[in-house]
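Here is how the chains run, residue by residue.
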Amino acid sequence: MKKIILDVDTGIDDSLAIAYAVHSPELQLLGITTCFGNVSVEEATRNTLVVLEHLDSTVPVIPGAGKPFARNPIKKKAVHIHGEDGIGNTLTSEPNTPAQRDHAVNFMIQQVNKQPGEVTLIMVGPLTNLALALKEEPELVSRVERVVIMGGAVTVRGNVTPHAEANVYADPDAAEAVFRSGIPITLVGLDVTMKTLLPLEEVVKWREKGTKLADFLADMTEFYIGAYKSIYPSIKGCALHDPLAVAAVTDPSFVKTVPMRLSVELQATESLGHIEGIQLDGSDEEQSVDVCIEVDAERFLEHFLSRVIL
Ligand code: BDR
Ligand code: CA
């Protein structure tokens, strides 16, 4: 079993990624850390606890960063995509379980130091918690097994602006610090996630399960598909951004990668968060990032659907 810390900004596709990860027997979830992004960090923590309650899971939730690494907040709450509450306006009550009293950065450092070489970080929100952890404990670079990041658009256009993907745009300085650190990274960006579409007819089938979890995830995912329909009228369904990062850990053969050196635009307002990728000959260069450029979308979708709701 792979030891995992999942870092989220829950979010609808984050919720789906949490369900997928909790239901993946290859993964041992040490904890779920939270960050601002789709919503505030308080809302991300609350939503994560609510999702875990629906999953009957007692995985600890540890709150993290509420603002970017090195500048004032840039990105607004993604109400049009994730709803007012971040989970497609499905929130009916506050969670019964509290979050841990620890901080995400501290939790990451402690867990990785306790079991060097064994912990994989799956980051599906802005990279703030990891950038802060690396600043405090640079040795993480050689002590994590790998970092799998949902973020960026290296060979394709952005989603939050034509130049940038939402997670990188929300904290470009954190992304740049992480990419430059030399930590082993697999980048699961829009290059591949926009090819992983979940169609409405599959979500409708979830309701046949007749469980609270199935209805909860179907309600929020239908909201998400509605948002996709208004933004991208030509595509059928919604992109499974964050679940694909989980899949890249449970079975790396879902994706194909190329080694690249990445740099993030930190100055120009118009192209803030844009990633420039230079392909490398081999992956032995210190700042080489394994960038996903192909995905077996059909096999991944089948795998995701077999696990998201049991
Ligand atoms: C990413 O941004 C967020 O809106 C999603 O949860 C995902 O992590 C996609 O660009
Ligand atoms: Ca996310």
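Residues numbered from 1 in each chain as written. Chains lettered and ligands numbered in written order. Predicted model: local features only at pLDDT ≥ 70, side-chain atom pairs only at ≥ 80, totals over all residues. Heavy atoms only, no water.

**Let's talk about the overall build of the chain**
- Within the chain, the regular secondary structure consists of 13 helices and 11 strands.
- The principal-axis extent of the C-alpha atoms belonging to the chain is close to 50 × 45 × 40 Å.
- Expressed as a percentage of the 310 residues in the chain, the buried residues total 57%.
- By sequence separation, contacts in the chain at least 24 residues apart represent 81% of the contacts at least 6 residues apart.
- For the chain, the accessible area works out to roughly 12,800 Å², and carbon and sulfur atoms hold 49% of it. (Helix = DSSP H or I, 4+ residues; strand = E, 2+ residues; numbered from the N terminus. Buried < 20%, exposed > 50% of the residue type's maximum accessible area, 1.4 Å probe, protein only. Contact = heavy atoms within 4.5 Å. Areas by Shrake-Rupley, 256 points an atom, 1.4 Å probe, with all protein chains shown as cover.)

**Digging into the packing of helix H1 (residues 12-22) against helix H13 (residues 297-307)**
- Following both chains from N to C, one finds H1 and H13 inclined at 75°, their axes separated by 9 Å at the closest point. Considering their axes alone, H1 and H13 lie roughly perpendicular with respect to each other. Counted together, Leu 16, Ala 19 and Tyr 20 of H1 and Phe 300, His 303, Phe 304 and Arg 307 of H13 form the full contact between these two elements.
- In the contact of H1 with H13, the residues fall into 5 nonpolar, 1 polar and 1 charged. (Axes fitted to C-alpha atoms, helices over the stretch in contact; angles between N-to-C directions. Parallel < 35°, antiparallel > 145°, perpendicular 65-115°, else oblique. Nonpolar A, V, L, I, M, F, W, Y, C, P; charged D, E, K, R; others polar.)

**Observations regarding the sheet that holds strand E6 (residues 185-188)**
- Here we have 9 strands laid out as an open sheet, ordered E3-E2-E1-E4-E5-E6-E11-E9-E10, and mixed in their pairing. Each end of this open sheet is capped by a strand with a single partner; those strands are strand E3 (61-62) and strand E10 (275-279).
- Strands in contact with helix H2 (residues 41-54) are strand E1 (2-8), strand E2 (27-34) and E3; relative to E2, the strand with the most contacts, it is inclined by about 150°. (Pairing = 2+ DSSP bridges.)

**Things to note about the coordination of the calcium ion (ligand 2)**
- Summarising the metal site, the calcium ion (ligand 2) is bound by the protein donors Asp 9 (OD), Asp 14 (OD), Asp 14 (OD), Val 124 (O) and Asp 242 (OD), whose distances to it range over 2.3 to 2.7 Å.
- When the donors of the calcium ion (ligand 2) are listed by position in the chain, the intervening gaps give D-x4-D-x109-V-x117-D. One end of the pair, Asp 14, is in helix H1; the other, Val 124, is in the loop between strand E4 (119-123) and helix H5 (128-136), with 110 residues separating them in the sequence. As far as burial versus exposure is concerned, Asp 14 and Val 124 are alike and both buried. (Donors = N, O, S within 2.8 Å, 3.2 Å for Na, K, Ca; no water.)

**Topic: the pairing of E4**
- Where burial is concerned, most of E4 is hidden: 5 out of the 5 residues are buried.
- Of the two faces of E4, the one carrying Val 119, Leu 121 and Met 123 and the one carrying Thr 120 and Ile 122 are both buried.
- With 5 bridges connecting them, E1 and E4 associate as parallel partners. Bridging from a neighbouring strand, Leu 6 pairs with Ile 122 of E4.
- Bridge count for E4 against strand E5 (residues 146-150) is 4 bridges, and the pairing is parallel.

Function-wise, these values are silent; they only describe arrangement.
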